[in-house]
Amino acid sequence: IGYIQAAFERAAREWPWTGGLILQHWQPAAAPDDPVWGFAVIPYGSENEPGVPDLFGGTIAAESGATPGRYHSRTDNASYSGEWEFSELGADFGQQADSEATFTFVGTAVALELRRADYRAYLFLTIDGRPAPALPTDLDGQSYIILTADDLEPHTDTILVAAGLPYGEHTMHLRAERGWDQWALAAYRVGVPPDTASYDAVALFSLMVLVIGGSMVLVVVSRYPPGTFGAWCSLLWRRLGQTGQVIMAGLTSWVLMLNMLLTWQEQMPALVRRDPPGLLMGLVTAGVLYFSPSFVLTIISAGLLWWLIYQRLELGLLLTIFWAPFFLFPVELFRYALPMAEVCVLLTALAWSVHMFVRWLSSRRQSLSIALPWSGFVKRLNALDWGMFLFFVFGTLAVAWSVYRAEALREWRIMIFEPSLFYVMLRTTVSGRAAVGRLVGVFVLAGVVIAVLGLGMYMVGEGAITAEGGVSRLAGVYGSPNNLGLFLDRVLPFLVAFWLLTTRNLVRIAFGILILVLLAAVALSQSVGAILLGIPVGIGSVLLLWHWRRGILIIAASTVAGIIAAIPLSQHPRFSRLLDFSSGTSFFRLRLWQSALHMIADNPVRGLGLDQFLYAYRGRYILPDAWQEPNLSHPHNILLDFWTRLGIGGVIAIGWLQIAFWRSAWQVYRTASDNMLRAVSIGMMGSMAALLAHGLVDNSVFVPDLAYVFALLVALPSLLHTVQVDDIP
């Protein structure tokens, strides 16, 4: 009887939608051998136990407040004070900022059904007099809900207020601020989620068994010569026969289709819908496509460029890094658009794949081996390669839990997949000091070109935005002046290193002029992160690596000059409020970091996913006093950025990459055999230092051009090490 009572209580709490539940039989009037006795509560021949009439009395009947279910805002379990209006739509707040409500419920979880759209309003809530545990809190410790929709479109959302409460009676109190005439409060929802701890433990144990078993399989397979596993698979495939092969292929395709339908539904086409990389109509030559009105000429130029890249793969890599800053000027063809850098990396990937396949066929004919063409490269993987592998893996996994799947897939393609592919092609294609020199030289050339273009545009009144106090800031080919500073403070350390280490006076003069041009462009951009962090740290690192004692003297003199220059600059509208944390950019930056920490606290392992920050920030986590800047798409900090996008795996990946980079780069720097190798090694360390310094307050990797620069910097230590090994007689 106790079991029956517990079952009815659980049904009433967890499945209130079931309505009435009926017992099959209490003690049926049937023969002793009738199977119906299997459904009886009282066994055959037993007497009715005392207290049976009170079987369903007690806990459930005595509870007050809303039990699990959905309740319209006019429910008797809610009381209201202040100005309110009610209709079939729900409840609407008043304009006097005195609209408050108290809702009493019995359960372990409670949520609100809210109408959200493109308007600014807040709900401040407490559970039993304490902040709601499932909501973010402001600086005063108040938990709140933002009624601005994350995508700015009108829809009704169910927002969890509290979960994991002890079962019993609780009181939720809410206070509205703004949001009248929106009929925001539609309903209350109460629940008692089932206890799944035992099932979760079984699932975790099964996962551990799978990982351990898979690891043991890999260990066993690794002990066999290369190609053995492939030979076994090939033998098994032949033994299936034609009929078996057809059946196996059919079953596999059916399972694949079913899984795609269940997993991706209609989201999968979004991978190629906006900027479809699979359509060859977007292919270009290095410049002709921008001026080509003819589709036929486009296809011809694309084919010609692919042929040129196939003849020399390095050309595609050079074009990719050169065109990277021009991602806001995509090649448009019909309704599709592709940035030139993306076109170049995809063309190069196609040519590289053909090269690898041809090499595999050639080696197979000569040695009769069926080892994959990249098997030799896999054996030579170093710590940096494994770090980029982690970056790719965690970036790919982040798509799975991204709420806005289409946006996540697009960012995965542009920020994760293609830069990772670029890195792999760098590692397997570029070799020799001349090739490394050309690669760095083209990167520097890209910086010089966008600086010169920006200055030219600025002189004619183009390529600039109006900032604080009506000040004009140079943006050049970018939409934001800060992006110009982010790219140039990665280029400048290379130029300064070349300027310091060259032995030819005319070349030194040329480098000096280029440095002044880039510094002028950064100065006109008024990028605070570049001027105060990126460039000082980047160039300072170069000076210290070039000559320790002289470098310290130059840095000390520059610091004194900077302090003197700060006096008049403190009156400039762009810099006058840098230390004012009560308003302006510094205030919003602090609030942004606090919101990002709230996001991480709620999602410490998985993060939010790729390109999800904007929607989570303005729809849930933005602090009420930071409402003036809701449209921020990243947390402006490298650690917070990796954590919110990729989860704790992103933190592991960037930490691994930094440790591996600095260890490898230092080794290359210590063993550099000539000025060219020394300049490149010093430049790449200065550039990475600038990336980290500027990344403390702004973007770091997750911009199309910066993603390619990051891949280049990570690859350079390995490329230089290969050059030094080749130089050993």
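Just above, that's the structure.
How each quantity is defined
Residues numbered from 1 in each chain as written. Predicted model: local features only at pLDDT ≥ 70, side-chain atom pairs only at ≥ 80, totals over all residues. Heavy atoms only, no water. Phe/Tyr/Trp six-rings, centres within 6.5 Å; stacked < 30°, edge-to-face > 60°. Helix = DSSP H or I, 4+ residues; strand = E, 2+ residues; numbered from the N terminus. Buried < 20%, exposed > 50% of the residue type's maximum accessible area, 1.4 Å probe, protein only. Lys NZ or Arg CZ within 6 Å of the ring centre and 35° of its normal. 1 Å grid on protein atoms, 1.4 Å probe; cavity = no way out; pocket = protein on both sides within 12 Å on 5 of 7 lines; lining within 4 Å. Points joined across faces, edges and corners; volume = space filled by probe spheres on them. Nonpolar A, V, L, I, M, F, W, Y, C, P; charged D, E, K, R; others polar. Patch = residues over 30% accessible without salt bridge, like charges linked within 9 Å, V, L, I, M, F, W, Y side chains within 5 Å. Areas by Shrake-Rupley, 256 points an atom, 1.4 Å probe, with all protein chains shown as cover. Salt bridge = Lys/Arg side-chain N within 4 Å of Asp/Glu carboxyl O. Lys, Arg positive; Asp, Glu negative; His and termini not counted. Charge placed at Lys NZ, Arg CZ, Asp CG, Glu CD. Pairing = 2+ DSSP bridges. Axes fitted to C-alpha atoms, helices over the stretch in contact; angles between N-to-C directions. Parallel < 35°, antiparallel > 145°, perpendicular 65-115°, else oblique. Left-handed = near helix turned anticlockwise from the far one by under 90°. Contact = heavy atoms within 4.5 Å. Polar contact = N/O pair within 3.5 Å; in protein donor to acceptor, adjacent residues only side chain to side chain.

1. Remarks on the packing of aromatic side chains
On inspection of all chains with the given rule, the structure shows 29 aromatic pairs. Look at W666 and Y669: their rings are 5.2 Å apart centre to centre, the planes differ by 40°, and that puts the pair in the tilted class. Of this pair, W666 and Y669 both sit in helix α20 (residues 648-670), three residues apart, which is roughly one turn of that helix. Overall, Y669 belongs to the buried group, its relative accessible area being 14%. Taken together, the ring pairs connect Y71, F103, F105 and Y188 into an aromatic cluster. In this structure, R120 packs its charged tip against the face of W627, placed 3.7 Å from the ring centre.

2. Brief notes about empty space enclosed by the protein
Scanning all chains against the criterion turns up two cavities of 30 Å³ or more. Computed from the structure, the largest cavity encloses a volume of approximately 70 Å³. Lining the largest cavity we find A324, F327, P339, A341, E342, I414, E418, P704 and Y708. Of all the secondary-structure elements, those providing two or more residues to the lining of the largest cavity are α8 (340-367), α11 (405-429) and α22 (704-727). In terms of lining, the second largest cavity is formed by D611, Q612, F613, S633, H634, P635, D641, T644 and R645. Broken down by element, the residue count for the lining of the second largest cavity peaks at three residues, all from helix α19 (residues 638-646). Residues belonging to the lining of the second largest cavity are distributed by class as follows: two nonpolar, four polar and three charged.

3. Quick word on a negative patch on the surface
Together, E83, E85, D98 and D181 make up a region of like negative charge exposed at the surface. Tracing the backbone shows D98 in the loop between β4 (90-93) and β5 (100-107). Judged by relative accessible area, which is 32%, D98 ranks as partly exposed.

4. Some thoughts on the pairing of β5
Relative to β5, strand β2 (residues 78-81) runs antiparallel, the two sharing four bridges. When the sheet's bridge partners are listed, S79 is paired in β5 with T102. The pairing of β5 with strand β11 (residues 168-177) spans eight bridges and is antiparallel. Bridging from a neighbouring strand, F105 pairs with H170 of β11.

5. Quick notes on the pairing of strand β9 (residues 143-146)
Burial along β9 is two-sided: S143 and I145 and Y144 and I146, pointing in opposite directions, are all buried. As paired elements, strand β7 (residues 122-127) and β9 share four bridges and run antiparallel to each other. Bridge pairing in β9 links L125 to S143.

6. A look at the packing of helix α12 (residues 433-459) against helix α13 (residues 481-501)
For the pair α12 and α13, interaxial distance at closest approach is 9 Å and the crossing angle is 125°. The orientation of α12 relative to α13 falls into the category oblique. Seen along the crossing, α12 lies across α13 with a hand that is left-handed. Of the residues in α13, those in contact with V440, F443, V444, A446, G447, I450 and A451 of α12 are L484, F487, L488, R490, V491, F494, L495 and F498. Classifying every residue of the contact of α12 with α13 by side-chain character gives 13 nonpolar, one polar and one charged.

7. Side note on the pattern of salt bridges
If you walk through the whole model with that rule in mind, you get 15 salt bridges. Its salt-bridge partner being D674, residue R433 comes within 2.3 Å of it at the nearest N-O pair. Linking R433 in helix α12 with D674 in the loop between α20 and α21 (675-694), this pair joins segments that are 241 residues apart in sequence. Residue class for D674 comes out partly exposed when judged on its relative accessible area of 24%. Two residues, R645 and D641, come together in a salt bridge whose shortest N-O distance is 2.6 Å. Of this pair, R645 and D641 are both found in helix α19, four residues apart, which corresponds to roughly one turn of the helix. For R645, a relative accessible area of 6% translates into the label buried.

8. Topic: the side chain of H694
Relative to the helices and strands, H694 is located in helix α21. Taking relative accessible area as the criterion, H694 reaches 1% and is therefore assigned buried. Within polar-contact distance, the side chain of H694 engages the side chain of D489 at 2.6 Å. Discounting residues that sit within four places of it in the chain, H694 has contacts with N482, G485, L486, D489, S527, G529, A530, L533, G534 and N699.

9. Looking at the packing of helix α10 (residues 383-400) against α11
A pair of packed helices can be characterised by two numbers: the angle between their axes and the separation between those axes. One way to put it is that α10 packs onto α11 with a least axis distance of 9 Å and a crossing angle of 165°. With respect to α11, the axis of α10 lies roughly antiparallel. In the packing of α10 onto α11, the handedness of the crossing is left-handed. Contact residues: L384, D385, M388, F391, F392, G395, T396, V399 and A400 in α10; R405, A408, L409, W412, M415, I416, F417, S420, Y423 and R427 in α11. Taken together, the residues of the contact of α10 with α11 break down into 13 nonpolar, three polar and three charged.

10. Section: the environment of V714
When you line up the elements, V714 lands in helix α22. With relative accessibility at 1%, the residue V714 sits in the buried group. Sequence separation between V714 and M684 is 30 residues, and the spatial gap between their C-alpha atoms is 8.9 Å. When neighbours within four sequence positions are excluded, V714 is seen to be in contact with L384, M388, Y423, L657, F661 and M688.

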